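Chains, contacts and geometry: an overview
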There are 2 protein chains.
Amino acid sequence: MNRTQNKVQQIPESDDIQKMDTQTEAFRHNRELRKLALNDDYLELIADLIAKTGEARTVDIACRLGVAQPTVTKVIARLKREGMVISEPYRAIYLTDAGRLIAEKAKHRHQIIVSFLMAMGVDPAIAEHDAEGIEHHVSTETLQAFMAFLDRI
Amino acid sequence: MNRTQNKVQQIPESDDIQKMDTQTEAFRHNRELRKLALNDDYLELIADLIAKTGEARTVDIACRLGVAQPTVTKVIARLKREGMVISEPYRAIYLTDAGRLIAEKAKHRHQIIVSFLMAMGVDPAIAEHDAEGIEHHVSTETLQAFMAFLDRI
DNA sequence: TACATATTATAGCAAGGGCTATATTTTGAA
DNA sequence: TTCAAAATATAGCCCTTGCTATAATATGTA
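So, here's what we can say about the structure. (Residues numbered from 1 in each chain as written. Chains lettered and ligands numbered in written order. Predicted model: local features only at pLDDT ≥ 70, side-chain atom pairs only at ≥ 80, totals over all residues. Heavy atoms only, no water.)

A look at the overall build of chain A
The condition is simple: Going along the chain from the N terminus, every DSSP run of H or I of four or more residues is numbered as a helix, and every run of E of two or more is numbered as a strand. When a residue's accessible area, from a 1.4 Å probe over protein chains only, is under 20% of the maximum for its type it is buried; when over 50% it is exposed; and in between it is partly exposed. Whether two residues are in contact is decided by their heavy atoms: any pair within 4.5 Å suffices.
Looking only at helices and strands, chain A has six helices and two strands in total. Ordered by position from N to C terminus, the α and β elements of chain A give α-α-α-β-β-α-α-α. Buried residues in chain A amount to 44% of all 153 residues. A separation of at least 24 residues holds for 54% of the contacts in chain A among residues at least 6 apart in sequence.

Some remarks on the interface of chain B and chain A
Worth spelling out the cut-off: In this description, buried area is defined as the sum, over both parts, of the accessible area (probe of 1.4 Å) that is lost when the two are combined. Take a side-chain nitrogen of Lys or Arg and a carboxyl oxygen of Asp or Glu: if they are within 4 Å of each other, that pair is a salt bridge. The definition of a polar contact used here is a pair of N or O atoms within 3.5 Å, where within protein one atom must be able to donate a hydrogen and the other to accept one, and adjacent residues in sequence count solely through side-chain atom pairs.
Chain B puts 52 residues into the contact, and the matching count from chain A is 52 residues. Counting the surface lost from both chain B and chain A, the interface buries some 4800 Å², and carbon and sulfur atoms represent 58% of this. Arg34 of chain B is the partner of Asp41 of chain A in a salt bridge, and the nearest nitrogen-oxygen pair spans 2.6 Å. Viewed at the interface, chain A and chain B are joined by 18 residue pairs in polar contact (both at pLDDT 80 or more). Secondary structure elements with two or more residues in the side of chain B that touches chain A: helix 1 (14–53), helix 2 (58–65), helix 4 (97–119), helix 5 (124–134) and helix 6 (140–152) of chain B.

Considering the nonpolar core
Definition in use: Side-chain atoms within 4.5 Å link the members of a nonpolar core, which is a set of buried Ala, Val, Leu, Ile, Met, Phe, Trp, Tyr and Cys residues.
In this structure, Ile113, Phe116 and Leu117 of chain A together with Ile113, Phe116 and Leu117 of chain B are the most contacted members of the largest nonpolar core, which totals 30 residues. Only helix 4 (97–119), helix 5 (124–134) and helix 6 (140–152) of chain A together with helix 4, helix 5 and helix 6 of chain B provide two or more residues apiece to this core. If we skip the residues at most four places from it in the chain, Phe116 of chain A touches Phe146, Phe149 and Leu150 of chain A together with Phe116, Met120 and Phe146 of chain B.

A look at the relation of the copies chain B and chain A
Just so we agree on the cut-off: Copies are brought into register by a least-squares superposition over C-alpha atoms of residues with pLDDT of at least 70 in both.
In the superposition of chain B on chain A (RMSD 0.0 Å, axial shift 0.0 Å), the rotation amounts to 180 degrees. These values place the two chain copies in the arrangement generated by a two-fold rotation axis. In terms of C-alpha distance to the rotation axis, chain B has Ile134 of chain B as its closest residue, with the C-alpha 2.7 Å off the axis. A high fraction, 100%, of the interface residues of chain B reappear at the interface in chain A, so the copies pair face to face through one surface.

Quick notes on the packing of helix 4 of chain B against helix 6 of chain B
The packing of two helices is summarised by the inter-axis angle and the distance between the axes. All names here are of chain B. Stated precisely, the cut-off is as follows: Inter-axis angles, ranging from 0 to 180 degrees, are taken between N-to-C directions of lines fitted to C-alpha atoms, where helices are fitted over the stretch in contact. An angle counts as roughly parallel when it lies under 35 degrees, as roughly antiparallel when it exceeds 145, as roughly perpendicular when it falls between 65 and 115, and as oblique in every other case. Handedness of each helix crossing follows the sense of rotation of the near helix against the far helix: counterclockwise by less than a right angle gives left-handed, clockwise gives right-handed. Nonpolar residues are Ala, Val, Leu, Ile, Met, Phe, Trp, Tyr, Cys and Pro. Charged residues are Asp, Glu, Lys and Arg, and all others, Gly as well, are polar.
For the pair helix 4 and helix 6, the least separation of the axes is 10 Å and the interaxial angle reads 50 degrees. It follows from the interaxial angle that helix 4 and helix 6 lie oblique. Here the hand of the crossing between helix 4 and helix 6 comes out left-handed. Within the contact between the two elements, helix 4 uses Arg109, Ile112, Ile113, Ser115, Phe116 and Ala119 and helix 6 uses Leu143, Phe146, Met147, Phe149 and Leu150. Classifying every residue of the contact of helix 4 with helix 6 by side-chain character gives nine nonpolar, one polar and one charged.

Structure, rendered in structure tokens:
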């Protein structure tokens, strides 16, 4: 808990202290978001597979994400521990309410960002690609600014 | 290398195949970007510290990133292996040309995104925060679209 | 110079995502 | 119904980012 390296060596301007702390918080928060990004990817994809085929199978998730099947099994086990997902051995995977909520929010953000990037003149394929990465790092405020822009045009 | 799970189970429409492959590529690429994001953070911060104080010390990096000092030491060791950074035991850290290039590109992207988000009406502090996450996931094309927008207004 | 303090390095742990190889179970077709 | 093929689970590995505790080195000041 104690962080000895928090001692300030060369005394910075008070503005710099403020900036440092917010930047540190941003780093912390973004490290957290990078973890959650993987959850979003899985849950969004599971929701998509269920919508299209009625269920989400390990093999299909692995294929779509471009990872090996045991990797999926392991991540799903974690998502299960975290209450995002339901699954019985050798059976398909389904979402809990919590998981579905996250998936829906992620899809919503995704769609807005794709639309926004396209409105900015970005090629649809690239917009789709970039949105996949950006969607996990956009705050509610920024998302609203994007939506407001889409409304204005 | 072989990926047995690539066999397609239910034959999809040809459009869906195309979409699946691009989406899979996007996932792969974005997983890669998530790794590189940490490099960007370190290199950008090291460049900043060098610019301000003439050197980048482990303790300062740890403080700014909000992680423990041994974590920094370990990541720096990797960046050194990868030719991004130079350092002697118990001495400060400096950038190689390769590292400096990445830092400069990252800073450039960062600044454009902050300006862009602010132009979209996002609060400066939030813009700064979001840019920290978004900057690692924006393609050249999207960045150019942002710059074009900034020129237009 | 000597020594306390600050800084860096190292050891060792946990957790997570990635992989291959292989065992187990389901499933579908003969 | 039986049995091969497909799908899932498991074991076991690597690498990375985190952490704490502690050892080793640098640094500045008395």
